[in-house]
Amino acid sequence: MSFSVQQNAPDFSSSARSVEEYLWTARGAGFSGTSAGRHRGNDSDLPLYKDKPLHQSFSQRSKRARSIWITTGIAFGVIVYMLYRILSSAKDAGKPSWFFGSTGRRGKIWKDRQNQVKEAFLESWNGYEKYAFGKDIYRPVAKTSRNMAPEGMGWIIVDCLDTMMIMNLEEPLQHAREWVANNLTYDQDYEVNTFETTIRMLGGLLSAHYLSGYDDMYLEKAVDLANRLLPAFDSATGIPYASVNLQTGKGVPSHDDGGASSTAEATSLQLEFKYVSKLTGEALYWEKAERVIEVIDSGKAVDGLVPIFIMPETGGFRGDQIRLGSRGDSYYEYLLKQYLQTNSKEDIYRMMYDESMAGVKKRLMQKSMPSGLTYVAELDHGIDGALSPKMDHLVCFLPGNLALGSTGGYPLHIAQRTSWTITQASDMKLAKDLARTCYEMYRVTKTGIAPEIVYFNTDPKGTEDISIKWQDSHNLQRPETVESLFILWRITKDPIYREWGWEIFEAFRKYARLVDGTGYTCLESVNEVPPRPRDNMESFWMAETLKYLYLLFEDDDSILPLENVVFNTEAHPMPKFNMEPLFKTGWARSSSQPAHVVGAQ
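So, how was this worked out
By convention here, each chain's residues receive numbers from 1 onward along its written sequence. At least 70 in pLDDT is required for a residue's local features to be given in this predicted model, at least 80 for side-chain atom pairs to be given and counted, and no such filter applies to totals for whole chains, interfaces and linings, which use all residues. Just so you know, side-chain values use all the structure's heavy atoms and leave hydrogens and water out. Two cysteine sulfur atoms make up a disulfide if the distance between them is within 2.5 Å. Under the scheme used here, helices are H or I runs from DSSP no shorter than 4 residues and strands are E runs no shorter than 2 residues, and both carry numbers assigned from the N terminus. Burial classification: accessible surface area is computed with a 1.4 Å probe over protein chains only, and a residue below 20% of its type maximum counts as buried, one above 50% as exposed, and the rest as partly exposed. Expected helix span is taken as 1.5 Å per residue step, with the number of steps being one fewer than the number of residues. The angle between axes fitted to the seven-residue stretch ending at a residue and the seven-residue stretch beginning at it gives the bend at that residue. The pairing criterion is simple: DSSP has to find at least two bridges between the two strands. Note on definitions: a residue-residue contact is assigned when non-hydrogen atoms from the two residues lie within 4.5 Å. Axis definition: a line fitted to C-alpha atoms, limited for helices to the stretch in contact. Angles are taken between N-to-C directions and run from 0 to 180 degrees. Left-handed describes a crossing whose near helix is turned anticlockwise from the far helix through less than a right angle; right-handed describes the clockwise counterpart. Charged means Asp, Glu, Lys or Arg here, nonpolar means Ala, Val, Leu, Ile, Met, Phe, Trp, Tyr, Cys or Pro, and polar covers whatever is left, Gly included. Here the nonpolar core consists of buried residues drawn from Ala, Val, Leu, Ile, Met, Phe, Trp, Tyr and Cys, with membership extended through side-chain atoms lying within 4.5 Å. An angle below 35 degrees is treated as roughly parallel, one above 145 as roughly antiparallel, one from 65 to 115 as roughly perpendicular, and anything else as oblique. By the counting scheme adopted, Arg and Lys are positive, Glu and Asp are negative, and His together with the chain ends is not counted. Each salt bridge in this description consists of a side-chain nitrogen of Lys or Arg and a carboxyl oxygen of Asp or Glu lying within 4 Å of one another.

K.L.:
An account of the state of the cysteines is needed here, citing residue identities and associated values.
P.N.:
Evaluation of the coordinates by the stated rule reveals one disulfide. Across a sulfur-sulfur distance of 2.1 Å, C396 and C438 are joined as a disulfide pair. The sign of the S-S torsion, about -100°, decides the handedness of the disulfide formed by C396 and C438: left-handed. With C396 in the loop between β13 (390-392) and α14 (398-407) and C438 in helix α16 (residues 422-443), this residue pair connects regions lying 42 residues apart in the sequence. Taking the relative accessible area as the measure of exposure, C438 reaches 2% and is therefore buried.

Have a look at this one:
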């Protein structure tokens, strides 16, 4: 079962759907088919060779002489080149092939490495399929499993569908599809986390629908789930509750944090719900999703830096803690991606994103000592409080996001030829600097695998830039660093990002892979050798980390081009689309007013 990457989002609201479906079918271009249609431009209609005019000024003899000289020269060149290849073959096989570029020896190396990532996915999936298929949680060491909901949520299966499509793994994909079609139901009396269910399950189904060439089964499941998640938005302000009961439709405030919702969670549902609107023609999903951002913006956070908790009933921020790690991260990610998703037509999100990134540079960006690594600090006590040199691995989404914001997903050399600004150049430099820091978070550990949290040295007398507390030294197979490496590789073509990604993959394979071949596990401490297994294989290990590594080692940029697709925060790709004629930005920024903060210190 191969799949096709469609070029346009379908419009189910219009009578043109049948025409669109015919055109998609007629045009189809899949990864498993010919690539000629994708790469040839308008010049394909031109003759391959244009003859010289008949009134040539030289004689037939001179033409024959010239032909002999040309033939002799070509033959001599071929002989010299063959001698060069013979002599160079004895040299180090690992050197880059400068003559052939990506299609030569070096290209074969990256293809081989990509296949090794695919093998790691298959090993992980086969262990899950053998010992836990259909279950939501898999313990690969104990070879046990369990569900979160009574009948299962498809937590691992749905999250991995599009990875299998991208890797063209037909047999496991067919098995997974059959389970989704015949066994998956969301009609269960169970409270789910609104955010996690949206980004993993709804995002996974929408992406599977897109990459499969619009398989209606996936869309039907997605719309059913979206309808069951909608009551989470039924608070007094429209800020979604942290949880929702899938069967009763009751939104449930957080059991912790005084009932507050995580700001990142409340503001990272928009890509998925707006795409559901595009697919169905129903505006309700769109309106619910964008209302959240309107409420957030009305809080007038200083320099665009929002506290990490918000109250659903009042719309006010709770506390004043600010960070780009947990509970803050994907708010900033989705500001940019909402702008990109609708083909850069909703300027309001670009404006908010630019303000927040300026705020990050002004208030959070710091340098470690003694090496001067760039890192993103935290504000534990409000916008004017002291900085904490703590940085979550989650923050490592930011290098990729900054690069996307700088070029819009286009290659750097193309973006620089258009309207390249000082801000774009600054964002790109910061993206590269932060990517280096995120790589160093791996390099400094005994296993070569990054911990969950690090601290940066600010003491001039200190000798180490990065320190790790024992309680933060675990690894959860997180994808953020390799996500940024993939984006930076696509945009800059600097091979260092591939090399760093390969080092990270090798470290995972050496220390997180189980010797009996049943999968890969999270680790208790990245500074223990051998490390103790945490005995859990996260769904995003296969849905995100291995997917991004696979794409990092892919030479064909026409596969999920960043100019045409946007990845949600769970690495599920969806197509960019036009809003018109059914949808538009339904709100405008209000006049300046002070932020409403509940319980600020």
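K.L.:
Quick rundown of helix α7 (residues 194-211)? Include the residues and the values.
P.N.:
The terminal C-alpha atoms of α7 lie 24 Å apart, and with 18 residues this matches the ideal 26 Å at 1.5 Å per residue to within 8%. G203 marks where α7 bends most, by close to 30°. α7 sits mainly inside the fold: 17 of its 18 residues count as buried. Of the residues trailing α7, G213 is marked for its positive phi of about 85°.

K.L.:
Describe the sheet that holds strand β15 (residues 466-467), and please don't skip the residues or the numbers.
P.N.:
Ordered in space as β13-β14-β15, the three strands form an open sheet in which the pairing is antiparallel. Pairing within the sheet leaves two strands with one partner each, and these edge strands are β13 and β15. In this structure, β13 lies alongside strand β14 (residues 453-456), joined through three bridges in antiparallel fashion. Residue pairing for β14: K390 is matched across the bridge by Y455. Taken strand by strand, α16 contacts β13, β14 and β15, and its axis lies near 85° from that of β13.

K.L.:
If you had to explain the sheet that holds strand β3 (residues 191-193) to someone new, which residues and values would you point to?
P.N.:
One open sheet holds the three strands; their spatial order is β3-β4-β5, and the pairing between them is antiparallel. Edge positions in the sheet fall to β3 and β5 (251-252), since each has one partner strand and no second. Relative to strand β4 (residues 243-245), β3 is paired through three bridges, and the arrangement is antiparallel. Bridge pairing links N193 to S243 in β4. α7 contacts β3 and β4 of the sheet and is inclined by roughly 70° relative to β3.

K.L.:
Residue-level account of the packing of helix α4 (residues 105-132) against helix α18 (residues 496-511), with values.
P.N.:
Packing of α4 against α18 leaves a shortest axis separation of 12 Å and a crossing angle of 35°. The hand of the α4/α18 crossing is left-handed. Across from R106, W110, R113, Q116, V117 and A120 in α4, the residues of α18 making contact are R498, E499, W502, F505 and R509. Per-class residue counts for the contact of α4 with α18 are five nonpolar, one polar and five charged.

K.L.:
How would you summarise helix α10 (residues 270-280) if you had to cite specific residues and measurements?
P.N.:
By the criterion of burial, α10 is predominantly enclosed, with eleven of the eleven residues buried. All of the buried residues in α10 are Q270, L271, E272, F273, K274, Y275, V276, S277, K278, L279 and T280. Among the residues trailing α10, G281 stands out with phi positive, at a value near 80°.

K.L.:
Which residues make up the nonpolar core, and what values go with them?
P.N.:
Ranked by size, the top nonpolar core spans 156 residues in total, and within it V180, F273 and M391 carry the most contacts. In this structure M391 touches Y375, V376, C396, C438, M441, I453, V454 and F456, once residues within four positions along its chain are discounted.

K.L.:
Describe the packing of α10 against helix α12 (residues 329-341), with residues and values.
P.N.:
Helix-helix packing: each pair is described by the crossing angle between the helix axes and the interaxial distance. Running from N to C, α10 and α12 point in directions that differ by 20°, and their axes come no closer than 10 Å. Of the possible angle classes, the one that applies to α10 and α12 is roughly parallel. By crossing handedness, the relation of α10 to α12 is classed as right-handed. Each of Q270, L271, E272, K274 and Y275 in α10 lies in contact with α12, whose residues at this interface are Y334, K337, Q338 and Q341. The residue makeup of the contact of α10 with α12, split by class, is three nonpolar, three polar and three charged.

K.L.:
Tell me about the environment of L430, and please be specific about residues and values.
P.N.:
Note that L430 resides in helix α16. By relative accessible area, which is 10% here, L430 ends up buried. With 65 residues separating them along the chain, L430 and M365 place their C-alpha atoms 9.5 Å apart.

K.L.:
Requested: an account of the side chain of E290, with residues and values cited.
P.N.:
Assignment of secondary structure puts E290 in helix α11 (residues 284-298). Although buried, E290 forms no salt bridge, and the nearest oppositely charged side chain, K274, lies 5.2 Å from it. Each residue touching E290, except ones within four places of it in the same chain, is listed here: Y349, K584, T585, G586 and W587.

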